[in-house]
Amino acid sequence: MPPLLLIIIILLNTMNMMRKEEMQHCHGYVCTLPNKPFLFQISYSPSSSYNDPSSSTTIGKLMECIEPFEEYLLHAPSSKSSILRIRPSPACTDMICPPGSMAMLTSDYALVLYHGIAKTFCTTPLQFPPEEFGEEEEETFVDFCFMTTPSSSSSSLSLFTMMSILFLKSNGHVYGASPIVFDSTIVSTKLVRDANTFLDGEILRLQHHHTETENKEARYRMCRGGKQFLLDAFGPSSSSTTAVNRNPYYVTSYIASSGTDKSSTIWPIQLQGPLLLSKTTPAAADDDDYGILSKALVMEYFGCCTSANVSLDGIVIASSSSSSNNKILSFGIFPGGMTTLLPRFAFETLDDQSILDSGNYNCGAIVECIQLQEEDCVEEEEAMYTNALVTAGGGNGRLDCDIVMDPVKNGMLHVVSSKGIFTVTTNVLSVYAHNIAQDVEYNSNTSATPSFMRQQQQQRKKTLEVQTNAWSCLEVSGGSGVEDEEIYSRDYGTPAKSGTGGRVSLSGVVVSGDAHLGHVLVATLSNGTMEAVNITAAQYLHEASVLDASTSLTEPKTNNKAVIESDEALKVMQSMQPLHEQLKPLMTKVVASLSTMGKIVGGQTKPSEANASSIATFISTKEKCEQDIVLPLQEMNELSSNRMNVLKDMHAHQEKQVQQLKNMIDTLRQRMKVTSEKKMIAESNANVLAQRSAAVLAASRDLLPTI
């Protein structure tokens, strides 16, 4: 069996390779050095241990080490030129770029293409002077991305999207450019012919347009330039269905390697836009985290979604907050149809450039924003020496943030920083495509539909809602730098020791969709250890925790009513004055009255001998006894009787509550019994499913083809 070749792109940051002590001695010199990208070719021969899951190592050989951009960096216009971003060439089913091809964005705003290990030459199709965009920090470009994903499928005029590229500024504005094509790229013939047909139709329409306008002339020249580029890049055989073609299924691109060639493939490309302007959302106008004070860091193409006749392209932008250490994710959409970015070149006049840019000026919109909270660094000084992140999207040696699109599940992405990984799932692209398609269908039938039917159509419209979930998939606990750091894997909930002392951070992340490994995220730490996370299990556990938090054990309505009644009874008891406090003033009055009364008339005095004074004394004493003794005693008797009735009612009510508690306990015991029975059934089913899964994996391993 022939050996297999692996092509690895490594971005080595000379600042991060040095030790902290060395940086303190040569800090001024090292900061002026550019980053150094290397391209490794590794070869290994499959052996008996290749298909052995227990084998953890594979013996290989380093065939070649190349510095693809060495010549450009040595002859860069500025001595302080450095690399902002390196991305590998895009790949999908309808476009196959040459192995080892990649694109680089430099700090002097030049897009450099390396056309693969077979050609070993570079071209600079796009370079724009920094003075056109300002020299302030919020006016600088920070990232770029291709408008192609591995899961992209062919559609009408999708070649224009595959040749397009997006640029991100630090203030969140997004620009575009087209065409970006690597030499020897294999493209579907149908896509090239559809693109030629569209441009021919536009040229013919503009030629027969009787009104002479500047817009018409500018678009006509743009279509002629794009037509010439397709002719030179893909040959005349792809422009017509009647032409003779050696292979009717695909064509190979040709890009001139030097300026001596008169081909249009060396024409400088015009920057288009801005396609999207970052603005403060009304809901968070007072929050700096969502406002223009946040600084954009990285950007990724989120894919394309088509619903009915509506097509949308999506992007996701990660920004850092100016007031905290949190990350902000912004999801943006663009109109699809694959004609938003048509080929344009830098020889346009200023009038043509202004007219053509006005056609797609701010045609996109930010439709969803979420904030990811991170723990603050223990020491700001140590944060300066964090290793550069290396992800599947390419080298990003300047920023402590990157976005990794999930290769298995659409709508899932992973936000990576040196302190952890956040996993985000959203349906924002499909929801907006569906809702816009519903509105377009409703508005198209409004003029020819009676009013009562329009109301019925409006009621039948099903507007979907955006659902975005985010959770921490992997965390590096912030320590003091003395004890061992801990890595928390959210799918198991237990920390894994890093194994060394000192500050540890994430340095590399990749997501695997292999049939043998499953849906697994593998992270590399700065100390060389590796940590694997089962994304499917982590997602299920997160959804289960959210469901448990939102769903609690609710009692029947009778129990809820009883709880309300008990609360009211408790309020009545608290508002009722204690009995001893009510009786105390009455008792004091009775005791004082009895102490002041004495024996005035004895039993020996005859009624016939009573005079007026003795009768008056008797009447006064009787009235005093009735008011100060008898009446308070009657009031005390009434209070005691009322309190006894209240206590009897409370006793009856408490007996009823005790009975309800007994019924509730019986219900819970029955539920526990049913739950235990279901648990036993689920465990037995889990064992059966595990055996079936093992059998399926064993069968698929035998059926997996080898190269």
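The preceding data block contains the structure.
In every chain, residue numbers begin from 1 and rise along the written sequence. Only residues with pLDDT of 70 or above have their local features reported here, since the model is predicted, and side-chain atom pairs are shown and tallied only from 80 upward, although totals for entire chains, interfaces and linings are computed over all residues. Working from all heavy atoms in the structure, the side-chain values ignore hydrogens and water.

Some points on the packing of aromatic side chains
At step 1: Here a pair means two rings of Phe, Tyr or Trp (six-membered ring of Trp) with centres within 6.5 Å. Their orientation is stacked below 30 degrees between planes, edge-to-face above 60, and tilted elsewhere. One pass over the full model with this rule turns up 14 aromatic pairs.
At step 2: The interplanar angle of 35° and the centroid separation of 6.3 Å between the aromatic rings of Phe-144 and Phe-167 together place this pair among those described as tilted. You can see Phe-144 sitting in strand β10 (residues 141–146) and its partner Phe-167 sitting in strand β11 (residues 165–169), a full 23 residues away along the chain.
At step 3: Judged by centre distance (6.0 Å) and plane angle (45°), the rings of Phe-229 and Phe-345 are tilted. Remark: Phe-345 occurs in the loop between β18 (327–335) and α8 (350–359) and Phe-229 occurs in helix α7 (residues 214–234); sequence separation between them is 116 residues.
At step 4: Classification of Phe-229 by relative accessible area gives buried; the value is 3%. The helix count covers DSSP runs of H or I at least four residues long, the strand count covers runs of E at least two residues long, and both are numbered beginning at the N terminus. In this scheme, a residue with accessible area under 20% of its type's maximum is buried, one over 50% is exposed, and one in between is partly exposed, where area comes from a 1.4 Å probe on protein chains only.

A closer look at the pattern of salt bridges
At step 1: Salt bridge, as applied in this entry: a Lys or Arg side-chain nitrogen positioned within 4 Å of an Asp or Glu carboxyl oxygen. Scanning the entire structure with this criterion turns up 14 salt bridges.
At step 2: With a closest N to O distance of 3.3 Å, Asp-143 and Arg-85 form a salt bridge. Taken together, the positions of Asp-143 in strand β10 and Arg-85 in strand β4 (residues 83–88) put the pair 58 residues apart, joining distant regions of the chain. Across the pair, Arg-85 and Asp-143 agree in class, each one buried.
At step 3: Measuring nitrogen to oxygen at the nearest pair gives 4.0 Å for the salt bridge that ties Glu-217 to Arg-221. On the criterion of helical spacing, the pair formed by Glu-217 and Arg-221 is a turn pair, its members being 4 residues apart in helix α7.
At step 4: Among the residues examined, Glu-217 registers a relative accessible area of 27% and is labelled partly exposed.

Re unusual backbone geometry
At step 1: In this structure, the amide linkage connecting Ser-178 to the following residue, Pro-179, adopts the cis form with an omega of 10°.
At step 2: Relative to the assigned elements, Pro-179 resides in the loop between β12 (174–177) and β13 (186–188).
At step 3: At the junction of Gly-273 and Pro-274, the peptide bond is cis and its omega measures out at 10° in the coordinates.
At step 4: Within the element layout of this structure, Pro-274 appears in strand β15 (residues 271–276).
At step 5: At Ser-184, a position not held by glycine, the phi torsion is positive, near 65°.

A closer look at the packing of α7 against α8
At step 1: The axes used here are C-alpha line fits, helices contributing only the stretch in contact, and every angle between their N-to-C directions lies in the interval 0 to 180 degrees. At a closest axis distance of 9 Å, the pairing of α7 and α8 adopts a crossing angle of 95°. In terms of axis orientation, α7 runs roughly perpendicular to α8. Contact with α7, carried on its side by Glu-214, Asn-215, Ala-218, Arg-219, Arg-221 and Met-222, involves Asp-352, Ile-355 and Leu-356 of α8 and no other residues of that element.
At step 2: Following the grouping adopted for this structure description, the nonpolar residues are Ala, Val, Leu, Ile, Met, Phe, Trp, Tyr, Cys and Pro, the charged ones are Asp, Glu, Lys and Arg, and the polar ones are all others, Gly among them. Residue composition of the contact of α7 with α8, grouped by class: 4 nonpolar, 1 polar and 4 charged. Each angle is binned into one of four classes, with values under 35 degrees roughly parallel, values over 145 roughly antiparallel, values of 65 to 115 roughly perpendicular, and all other values oblique. Two residues qualify as a contact provided that any one of their heavy atoms is within 4.5 Å of a heavy atom in the partner residue.

These figures capture arrangement, not role.
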